Amino acid sequence: MAALLETRTQTKAWSMWVGSSSDLQRLFRVVQKQYDSLIAPHVEEKLEQPRRMLEWAEARRVRLRQEATEDGIDSSLASRISENDAEIEKLIDDIKEAEEAALDAGSIELSLTAMNGDRTTLRGTASQLMEYISGERFKYFVALAPSGDIRGRSITIGVDRGTGIDLRVSSTDAQWCRAAFAELEDEISKHVPRWKFIRRQRVLWAFFATLISCVWLLALSRMPSGLTLASQDALWWIAGLTLVSATIMVLALNWTRAYVPAFELVPPNGRPRGIALIRWFGTVAATLVLGIIGSALTDIVLG
């Protein structure tokens, strides 16, 4: 009976990731690092048979040439020598191709979807992939390693501007799986901002509800003289204010989540959009609060 093969899988998702192109490249390098110790034995395994066949062909060439020296060359022997030489050349080419393919086994395959919907699949090292990503406006991408034929160990990193980043590590080697997942988890977590709450729906609803409440208080304090809350004109005033407030809240919610992506590549010496937006929110909130306080003080003084 065949042995039971167990595969261990660990996954995790982060709602935000903010960093530079060099930070993303460092993450890809950590992915490649997980396969460094596997590539050398993988190369040896892939080349074992073609190298053995090359040794046999070279030994056969020695025998054939010795036979030609002792007995002379007839058409049959000449044909056998030619065929053997051709086989040696082919084996040498096969070994070179196998070496290149084996050494490329730890590279990363990247499936990238651009903002316009076009999809591109690339394969290469961390630096090669970043040459493309840094100049490409993408909607989401999936990085899969290894792109070669190392079996039983896989790492998948999914990135989406709207939802963030997720990690999946799977392997038949539980120890390798735990170690790779822990190192990648640590690398990703370094770039999860403390202000990630800015994209959470509940937080945005609470903030804008508070903001609209302040607007209401300020507007009611500025209600035209002669209006009372029981009058029909006041009801129209309140209904209009409610409609405008609800519209502003919905638009602000959608705009905020669109303006602050869940995955952001910040240019060199640049500033994340989230920080700029938090400062703007703070300025608006402070202005409204000061307006309400100023209106209250004015009523007290004039009252």
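Above this note sits the structure.
Brief notes about the pairing of strand β7 (residues 164-171)
- Among the eight residues in β7, six count as buried, and that is most of the element.
- Pairing of strand β1 (residues 8-14) with β7, which is carried by seven bridges, proceeds in the antiparallel orientation. Looking at β7, one finds that threonine 9 is bridged to serine 170.
- Bridging between strand β6 (residues 153-160) and β7 involves eight bridges; their strand directions are antiparallel. Paired with isoleucine 155 across the two strands is valine 169, which belongs to β7.
- Remark: three residues form the turn of the hairpin made by β6 and β7, two consecutive strands paired antiparallel.

A short note on helix α5 (residues 174-189)
- Its 16 residues give α5 an end-to-end C-alpha distance of 22 Å, which sits within 8% of 22 Å, the value for a rise of 1.5 Å per residue.
- For α5, the complete set of buried residues consists of Trp176, Cys177, Ala180, Phe181, Leu184, Glu187 and Ile188. Mapping the buried residues of α5 onto a view down its axis gives an arc of 130°, with all of them on the same face.

Digging into the packing of aromatic side chains
- Under the criterion given, the structure shown has four aromatic pairs.
- With a centroid separation of 4.8 Å and 15° between ring planes, the pair formed by tryptophan 17 and phenylalanine 263 is classed as stacked. A residue pair is termed long-range when its members are at least 10 positions apart, and tryptophan 17 in strand β2 (residues 17-19) and phenylalanine 263 in strand β8 (residues 263-265) qualify at 246 residues. A single burial state applies to tryptophan 17 and to phenylalanine 263, both of which are buried.
- Ring centres 6.2 Å apart and planes at 90° place the aromatic pair phenylalanine 141 and phenylalanine 263 in the edge-to-face group. Remark: phenylalanine 263 occurs in strand β8 and phenylalanine 141 occurs in strand β5 (residues 138-145); sequence separation between them is 122 residues.
- Using a relative accessible area of 0% as the deciding quantity, one classes phenylalanine 141 as buried.
- You can call phenylalanine 263 buried: its relative accessible area is 0%.
- Three or more aromatic residues link up through ring pairs in this structure, and these residues are Trp17, Phe28, Phe141 and Phe263.

Criteria and cut-off values
- Residues numbered from 1 in each chain as written.
- Predicted model: local features only at pLDDT ≥ 70, side-chain atom pairs only at ≥ 80, totals over all residues.
- Heavy atoms only, no water.
- Buried < 20%, exposed > 50% of the residue type's maximum accessible area, 1.4 Å probe, protein only.
- Helix = DSSP H or I, 4+ residues; strand = E, 2+ residues; numbered from the N terminus.
- Pairing = 2+ DSSP bridges.
- Expected span 1.5 Å × (residues − 1).
- Arc of directions from axis to C-beta.
- Phe/Tyr/Trp six-rings, centres within 6.5 Å; stacked < 30°, edge-to-face > 60°.

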